[in-house]
Structures are given as structure tokens and as C-alpha cells.
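Examining the three-dimensional arrangement
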Amino acid sequence: MPVVASYVYRDGQRVREAPLTADGLTLEAGEFVWVGLVDPTDDEIDVLVRRFKLHPLAVEDALAAHQMPKVEVYGRELFVVARTALKVDDRIVYGETHVFVGEDHVVSIRHGSARAHGLLRAQLEASPLLLKKGPDFVLHGILDFIVDAYAPIVDDAEDSVLEMEQRTLDAFLSRVEIRRLFSLRRELLKFRRILGPMEELLGRLQSLDLPCIDPDVRPYFRDVGDHVRRVGSRLGGLHDILSSVFEVANLLEQQRQGVITRKLASWAALLAVPTAIAGIYGMNFEFMPELHWRYGYFGVMTLMVAICTGLFITFKKTKWL
């Protein structure tokens, strides 16, 4: 069902369930409702639009999805878009969470996010003194829940990058490993493009005088913003390490090619000596030095061996072989 949970709260305590009907969403003084939806239908959205007078432009964005992180003000209501991220194998899968925040309601809509808000709701309900602050604190909880999932992605990426760095120093990277390295760098670059708008979003929530955000809740948004900045800083460090891995791999490959080139040149020189001598004595001229000498063959072979041995020793000393 698209409706995951819908409850009414008073003084930080859950008091009753709130079905998505006109009567179910009726609130008394001091109460607020938190409705959690996943890929809602048009009928469910229509109920919320009529009850809470949600702005049509915000509703259009919430239904269409594919939005970047942002916060928009519509009268006395906030519309917040946050991007979720989850590491699946070697890819980072993104989703969206749209939040409507009013004086007496919070409507969270998830698109493509596999992390349900059940645990988050339980954590907030376990702290009634904080939950009684109202919808703005629920918004903080949702954003904090989303940002907390960023750190494991960076942890996993750090392990992969450090493993690849050590592998680069120990042996030459295979084609599969190089492709994985490029894929990891591409995923991290895409992730960094999400962090910038998320940091800006939290900066607005902590510094601007926005409706439905009490001054005593703003420091909580600053704390979440600090988490985003730390993740961004770690990603910057990973990008530098990845660049160094590429440079080291390139230098080692050049060194390997240089070693191979020197070895080929050394063996070519060793083979050139007997080839040249044999070529000279194979020209079939009648008058050639030592051509009719009894020991000419043995002399030429001895000369070949002596020159090749000298060259071999020289190349070994210079570490070309």
C-alpha cells in the first residue's frame, strides 16, 4: 500500500491513527499529523491537497519526482526535496523524499527509496520531549535519517579505494580492475553533485527565517549540515586518492614498458652480432679473409660467443637484462 503510516501526535505522543479521509485527518488544537507515503496515487494526493491546501506546483514536483534537493516556501508551508542514496554492489542507487511541512502536518513522500521510515518514526516517538516540538523536528528527523545513510557509502568507497591503491602497488591492474576504478570514480562524482544542493538546503533551514521552523530547532539542522560537509570532505579526499592511483598505475605501466623495451633491445643486440657475422661470411665472395683457413669456422664461432658473452655481461650489469 502507498500509505505506509499516518498518525496523529499530541505533546510528543502518538494518540491515534489517521486514515486518509476528511474525518480521519481532522485535528484538535495542539495536534499534528505525520503522513508517510510511498509512490502515492492521485486519489491519495487529492485528499491531502483538499485537507491541507497543498500548493499545486509543489504537488506537481512531488508526483513527477526527478528533483534536485531544494526548499521552497508556499505561504505558511514548506516544501522540501531531499535525495536518498544507497550502495548496491558497485553502484549508488538514488531516490527522493519530498516533505510538505505545515503548522499541523508533515507529509513525507518517498520515490525510489528502499529505506522505510518505520525505524525513524520509532526513534522519534521514543523521544517525546523532542517530538513535541512539532512538524519542524520531524523534518529534521527525516533529513538526518537520509544523511546518515551517506556515511556508509563513503566508508565502503574508502575500503574499495584503499584496496585498489594497495593492489596497484603490489601488481599491475587488470582490465576488469581498471574498469571498476573508473566506475567507482564516476559514482563518486555523481554523489558529490548531490551533496552540494543538500548542504545548501540545510543551510537555508538553519539560517533563514522560514515558516514552520522554530528558532530553537535550527541548531538541529546545522548539525545535519555538518554531517553533509564531513561526507563531502571525505569524498574530496577519496577523489585525490583515486587520482593518485591513476597516476601510480600509469607510471608503473610506463616503467614496465620501459623495462620490456630495454630487454627487447638487449636481446636484439645479442642476436645482431652473430647475424651480422654470418651475413658477411655468407656473401659467397671468393677472396675473403680466413675463408680457406682450416680453423676458420671455429674461429668465427668463438668470436661470436665472445662478443655475445661480453654484451650479455654488460647488459646484466646495467640491469637491462
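Read on for a plain summary of the structure.

Reading guide: rules and limits
Residues numbered from 1 in each chain as written. Predicted model: local features only at pLDDT ≥ 70, side-chain atom pairs only at ≥ 80, totals over all residues. Heavy atoms only, no water. Helix = DSSP H or I, 4+ residues; strand = E, 2+ residues; numbered from the N terminus. Contact = heavy atoms within 4.5 Å. Polar contact = N/O pair within 3.5 Å; in protein donor to acceptor, adjacent residues only side chain to side chain. Pairing = 2+ DSSP bridges. 1 Å grid on protein atoms, 1.4 Å probe; cavity = no way out; pocket = protein on both sides within 12 Å on 5 of 7 lines; lining within 4 Å. Points joined across faces, edges and corners; volume = space filled by probe spheres on them. Nonpolar A, V, L, I, M, F, W, Y, C, P; charged D, E, K, R; others polar.

In this structure, R16 sits in strand β2 (residues 13–17). Leave out the neighbours within four places in its chain, and R16 touches Y7, V8, R10, T26, L27 and E31. At a separation of 3.1 Å, a polar atom in the side chain of R16 contacts the side chain of E31.

All right, on to the pairing of strand β4 (residues 70–74) then. Here β4 pairs with strand β5 (residues 77–88) via five bridges, running antiparallel. Counted as the bridge partner of K70 is V81 from β5. The hairpin formed by β4 and β5 contains two residues between the paired strands, and G75 there has a positive phi angle of roughly 65°.

A separate point is empty space enclosed by the protein. Taking a probe equal in size to a water molecule and rolling it over the atoms shows the remaining empty space. Within the structure shown, the criterion is met by one cavity of 30 Å³ or more. Each pocket or cavity is described by its volume, and for the largest cavity that value is around 50 Å³. Around the largest cavity, the lining residues are K87, D90, S160, R180, S183 and L184. Counting residues per element, the lining of the largest cavity draws most heavily on helix α7 (residues 175–207), which supplies three residues. Each residue belonging to the lining of the largest cavity can be placed in one class, and the counts come to one nonpolar, two polar and three charged.

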